[in-house]
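Architecture and fold: a report
So the chains spell out like this:
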There are 2 protein chains.
Amino acid sequence: MHVKRGYHHGSLKQALVEAGVALLAEGGPSALTLTEAARRAGVTPAAPYRHFSGRDALLAEIARQGFESFGARIEAAWDEGRPDAQSAMRAMCAAYLAFAREETGLYAAMFGQAATLADPRAGGAADHALEILWRAVVAWLQAAGAPAQGARHVALQVWALAHGVAMLTISGHFDAGRTADPAAVLDGAVAGVMAAAAGKGRPVS
Amino acid sequence: MHVKRGYHHGSLKQALVEAGVALLAEGGPSALTLTEAARRAGVTPAAPYRHFSGRDALLAEIARQGFESFGARIEAAWDEGRPDAQSAMRAMCAAYLAFAREETGLYAAMFGQAATLADPRAGGAADHALEILWRAVVAWLQAAGAPAQGARHVALQVWALAHGVAMLTISGHFDAGRTADPAAVLDGAVAGVMAAAAGKGRPVS
DNA sequence: ACCTGAACACCGTTCAAGT
DNA sequence: ACCTGAACACCGTTCAAGT
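Chains are numbered independently. Their residues run from 1 in the order of the written sequence. Note on labels: chains are lettered from A, ligands numbered from 1, in written order. Only residues with pLDDT of at least 70 get local features here, since the model is predicted, and only at 80 or more are side-chain atom pairs given and counted; chain-wide, interface and lining totals rely on the full set of residues. Remark: hydrogens and water are excluded; side-chain values derive from all non-hydrogen atoms of the structure.

1. Here we look at the protein's contact with DNA strand C
The immediate surroundings of DNA strand C are formed by 17 residues, with A:Thr44, A:His51, B:Thr33, B:Thr35 and B:Arg55 found nearest. Any residue with a non-hydrogen atom lying within 4 Å of a molecule or strand is treated as near it. Here the atoms of DNA strand C within 4 Å of the protein split so that 68% fall in sugar or phosphate, with bases taking the remainder. Counted as a polar contact is a pair of N or O atoms within 3.5 Å, where, for protein atoms, one must be capable of donating a hydrogen and the other of accepting one, and residues adjacent in sequence contribute only when both atoms are in side chains. In this structure, A:Arg50 approaches DNA strand C through a side-chain N or O atom, which is 3.4 Å from a base nitrogen. A distance of 3.0 Å is found between a phosphate oxygen of DNA strand C and a side-chain nitrogen or oxygen belonging to B:Tyr49. For this classification, the nonpolar set comprises Ala, Val, Leu, Ile, Met, Phe, Trp, Tyr, Cys and Pro, the charged set comprises Asp, Glu, Lys and Arg, and every other residue, Gly included, is treated as polar. Within the surface near DNA strand C, the residues separate by chemical class into 8 nonpolar, 6 polar and 3 charged.

If you want it as structure tokens, here you go:
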């Protein structure tokens with residue numbers, strides 16, 4: 001195994017990304033330090049600059065890969081609308097929150113301001129994740145016999161909802177005395193938004 | 001005016017807070033540095049430690065004051081439900097987004113993880129802001145002739161929605177190609193959530 | 001081509017010392 | 001009681017130099 005995988009034998013870039021993800025998981029965004037990532041990869045603090053233009057570039061690459069695995073996860077949860085659009089939507093929302101809670105630091109880094117600005121490719125990966133959400137909304141509306149017109153707008157509403165719940169949970173604003181179950185808040189609100197979009201009455205009971 | 005107001009004549013604590021707010025406005029959370037705040041207040045880097053236990057404590061005090069002015073602003077926009085609950089709710093949502101967009105750095109600091117953990121008083125100020133939202137939801141439901149039961153849950157939904165739209169706008173995820181009007185997304189979603197909570201049909205057209 | 005060594009500016013924090 | 005001066009560890013970044 002020491003053929004071409006020694007930390008600084010051709011894979012330093014990815015080694016830095018993985019070290020960075022671990023740092024985010026351990027101590028949040030402020031713990032992501034270029035120097036410490038280099039230390040964990042077994043190189044000096046100057047070495048990363050051969051692969052990244054700076055700290056923000058590393059963060060952007062981490063965000064890009066984060067959006068990829070995030071997109072894959074919610075896509076799997078949606079499972080092409082099986083067994084039915086409403087259950088699949090609930091499963092996707094649950095997967096969304098689960099990702100944010102399991103990979104707190106990574107999620108925060110993905111949605112921090114710096115990431116998408118530093119590298120357009122990170123924005124592209126985010127676009128792809130949003131598109132999965134959009135397809136789910138379209139399928140939901142079709143299953144409800146409603147016109148899929150305006151689905152993009154509804155997808156943004158669902159996204160804002162999921163992101164808001166995720167961020168308030170992460171930042172601790174949902175725990176401090178307010179003892180609300182984040183998943184229940186999200187479920188209820190998504191049901192309301194979707195019902196309104198479908199032009200139906202009360203949310204699915 | 002040089003009686004007791006010289007920067008380091010009894011008001012250093014508030015001077016540091018104000019310098020910090022300015023730094024947040026100019027360069028975001030990462031620009032909020034204890035050293036630079038001290039420099040602007042005309043004291044050495046060690047001076048702040050007589051008033052704050054560290055950087056996070058300054059951030060928490062800034063967040064606390066931020067939640068106070070934030071709460072005052074959305075309360076004024078709600079204006080006790082005048083001229084009617086629906087318009088007042090829309091005005092409150094608009095004020096919410098306006099605050100987040102005008103005081104981007106401050107808003108991000110208020111909802112960052114560190115702030116509320118470092119000082120429970122910041123959490124208390126956040127509670128007060130949420131309570132205004134809650135009262136608005138209750139009034140909205142009453143005006144719609146619906147039972148106000150479960151209003152707390154609905155208030156959390158509206159909060160998550162507003163926060164999600166605000167954060168996605170701030171982080172640039174709503175601009176990158178997605179050209180969505182944040183206010184329109186929020187308005188539509190809130191209308192949907194409220195209509196569902198009131199047990200009504202389509203959202204207010 | 002990729003990495004080291006040394007250096008600089010900057011920040012958070014501590015502590016002894018001043019007034 | 002409140003602040004300065006000096007110090008330490010740490011980080012981002014640059015650059016000349018090694019292999």
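2. Quick look at the confidence of the model for chain A
The predictor rates its confidence in each residue with pLDDT, a number between 0 and 100. Within chain A, residue pLDDT values average 91, and 91% of them lie at 70 or more. Under a pLDDT of 50 for its full length, residues 201-205 of chain A has, in the predicted model, 11 contacts with residues more than four places off or in other chains. We call two residues contacting when some pair of their heavy atoms lies within 4.5 Å.

3. With respect to the UniProt feature "DNA-binding region" (unreviewed entry) in chain A
UniProt positions are given in the numbering used here, feature names are shortened, and annotations may be inferred rather than shown by experiment. UniProt tags residues 33-52 of chain A as "DNA-binding region" (unreviewed entry). Numbering goes from the N terminus for both helices and strands, where a helix is a DSSP run of H or I of at least four residues and a strand is a run of E of at least two. As annotated, residues 33-52 of chain A comprises 40% helix and 0% strand, and the C-alpha atoms at either end are separated by 13 Å.

4. Some details on the nonpolar core
Burial of nonpolar side chains together is a common tendency in soluble globular proteins. Residues A:Val137, B:Tyr96 and B:Val137 are the most contacted members of the largest nonpolar core, which totals 147 residues. When neighbours within four sequence positions are excluded, B:Val137 is seen to be in contact with B:Met89, B:Ala151, B:Val154, B:Ala155, B:Val158 and B:Met194. Among buried residues, the Ala, Val, Leu, Ile, Met, Phe, Trp, Tyr and Cys ones that are joined through side-chain atoms within 4.5 Å form a nonpolar core. Here's how the labels work: a residue is buried when its accessible area is under 20% of the maximum for its type, exposed when over 50%, partly exposed in between, all with a 1.4 Å probe on protein chains only.

5. Some details on helix H8 (residues 151-170) of chain A
Residues and elements named next belong to chain A. Expected span of a helix, by definition, is 1.5 Å for each gap between consecutive residues, and there is one gap fewer than residues. With 20 residues, H8 ought to run about 28 Å at 1.5 Å a step, and its terminal C-alpha atoms sit 28 Å apart, in line with that. Where burial is concerned, most of H8 is hidden: 17 out of the 20 residues are buried. Positive backbone phi, approximately 85°, marks Gly 172, located one or two places after H8.

6. Concerning the packing of helix H3 (residues 55-78) of chain A against helix H4 (residues 85-102) of chain A
All names here are of chain A. Axis definition: a line fit to C-alpha positions, over the contact stretch in the case of helices; interaxial angles, taken between N-to-C directions, run 0 to 180 degrees. For the pair H3 and H4, interaxial distance at closest approach is 7 Å and the crossing angle is 150°. Taken as axis vectors, H3 and H4 run roughly antiparallel relative to one another. You can see that H3 and H4 cross each other, and the crossing is right-handed. Residue-level contacts link Gly 66, Ser 69, Phe 70, Arg 73, Ile 74, Ala 77 and Trp 78 of H3 to Ala 85, Ala 88, Met 89, Ala 91, Met 92, Ala 95, Tyr 96, Ala 98, Phe 99 and Glu 102 of H4. When its residues are assigned to classes, the contact of H3 with H4 shows 13 nonpolar, 2 polar and 2 charged. Every angle not falling under 35 degrees, over 145, or within 65 to 115 is termed oblique; those three ranges are roughly parallel, roughly antiparallel and roughly perpendicular. When the near helix sits turned anticlockwise from the far one by under a right angle, the crossing is termed left-handed; a clockwise turn instead gives a right-handed crossing.

7. A few points about the interface of chain B and chain A
Contacts between the two partners involve 40 residues from chain B and, on the opposite side, 40 residues from chain A. Summed over both partners, the accessible area lost on bringing two parts together, with a 1.4 Å probe, is the buried area. Each partner contributes to the roughly 3100 Å² buried at the junction of chain B and chain A, and carbon and sulfur atoms together form 70% of this total. Counting across the interface, chain B meets chain A through 0 residue pairs in polar contact (both at pLDDT 80 or more). Elements with a contribution of two residues or more to the side of chain B that touches chain A: helix H6 (113-118), helix H7 (120-143), helix H8 (151-170) and helix H9 (182-197) of chain B. When residues in the side of chain B that touches chain A are grouped by element, the largest group, 12 residues, is from H8(B). Among the residues making up the side of chain B that touches chain A, the classes are represented as 22 nonpolar, 13 polar and 5 charged.

8. Considerations on the UniProt feature "domain: HTH tetR-type" (unreviewed entry) in chain A
With numbering matched to this structure, UniProt assigns "domain: HTH tetR-type" (unreviewed entry) to residues 10-70 of chain A. Helix makes up 66% of residues 10-70 of chain A and strand makes up 0%, while its end C-alpha atoms are separated by 27 Å.

9. Description of the protein's contact with DNA strand D
The immediate surroundings of DNA strand D are formed by 17 residues, with A:Thr33, A:Thr35, A:Arg55, B:Thr44 and B:His51 found nearest. Taking the atoms of DNA strand D that fall within 4 Å of the protein, sugar and phosphate contribute 68% of them. For DNA strand D, a phosphate oxygen lies 3.1 Å from a polar atom in the side chain of A:Arg39. A:Arg55 places a main-chain nitrogen or oxygen 3.0 Å from a phosphate oxygen of DNA strand D. Counting residues per element, the surface near DNA strand D draws most heavily on helix H2 (residues 34-41) of chain A, which supplies 3 residues. For the surface near DNA strand D, the per-class residue count stands at 8 nonpolar, 6 polar and 3 charged.

10. Here we look at the relation of the copies chain B and chain A
When the copies are overlaid, the least-squares fit takes in C-alpha atoms only where the residue has pLDDT of at least 70 in both copies. Once turned by 180° and shifted 0.0 Å along the axis, chain B lies on chain A with an RMSD of 0.0 Å. In short, the pair behaves as if placed about a two-fold rotation axis. The fraction of interface residues of chain B whose copies in chain A are also interface residues reaches 100%, indicating that both copies meet through the same surface.

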